[in-house]
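Chain by chain, the residues:
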Amino acid sequence: FADPIVGNWRTGEGGSTKIAQCGSSFCVSVTAGEFAGQQIGTFSKNGDKYKGSITDPADGKKYRGAAWFTGSNTLKMRGSVLGGLVGRTDTWTRR
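Everything quoted here is computed from the prediction, not taken from an experiment.

(A) Representation of the sheet that holds strand β1 (residues 7-10). Pairing in this closed barrel of eight strands is antiparallel, and the strands run β1-β2-β3-β4-β5-β6-β7-β8 around the ring. Looking at each pair of strands side by side, their axes are set apart by 30° on average, direction ignored. Where strand β3 (residues 25-30) and strand β4 (residues 39-46) come together, four bridges link them in antiparallel fashion. Directly across from F26, in β4, lies its bridge partner F43.

(B) The arrangement of the nonpolar core in detail. Core analysis: the largest hydrophobic core is formed by 14 residues, its most contacted members being I5, I19, L75, M77 and W92. Every element with two or more residues in this core is listed here: β3, β4, β5 (49-55) and β7 (74-81). With three residues, β3 is the single largest residue contributor to this core. Those residues within four positions of I5 in sequence are excluded, and the remaining contacts are I19, F26, Y50, A67, F69 and L75.

(C) Representation of a nonpolar patch on the surface in the model. Residues V81, L82, L85 and V86 make up a contiguous nonpolar surface patch of roughly 400 Å² in combined accessible area. You can see L85 is positioned in the loop between β7 and β8 (86-94).

Calculation rules
Residues numbered from 1 in each chain as written. Predicted model: local features only at pLDDT ≥ 70, side-chain atom pairs only at ≥ 80, totals over all residues. Heavy atoms only, no water. Pairing = 2+ DSSP bridges. Helix = DSSP H or I, 4+ residues; strand = E, 2+ residues; numbered from the N terminus. Axes fitted to C-alpha atoms, helices over the stretch in contact; angles between N-to-C directions. Core = buried A, V, L, I, M, F, W, Y, C linked by side-chain atoms within 4.5 Å. Buried < 20%, exposed > 50% of the residue type's maximum accessible area, 1.4 Å probe, protein only. Contact = heavy atoms within 4.5 Å. Patch = residues over 30% accessible without salt bridge, like charges linked within 9 Å, V, L, I, M, F, W, Y side chains within 5 Å. Areas by Shrake-Rupley, 256 points an atom, 1.4 Å probe, with all protein chains shown as cover. Salt bridge = Lys/Arg side-chain N within 4 Å of Asp/Glu carboxyl O.

Written out as structure tokens, the structure is:
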């Protein structure tokens, strides 16, 4: 059975992404728009959360990443620096 994070997601800004199993991790890729085809993140399951890294495709900056479910079709995706002190959380919805 596929992990619940696997699937197509819409970002809070309306972007289209896909999260797929890649080895023992999960890879996040942009599926539409200017950055279509770019892999922007890699996460591993850690209890009920996912941890890894996420890259802003607009500037190439890489951030510590975390993701967790707030509902069966709602995912919070956070990119942060300074040990998580500074960052931004976005709400993604399953497509």
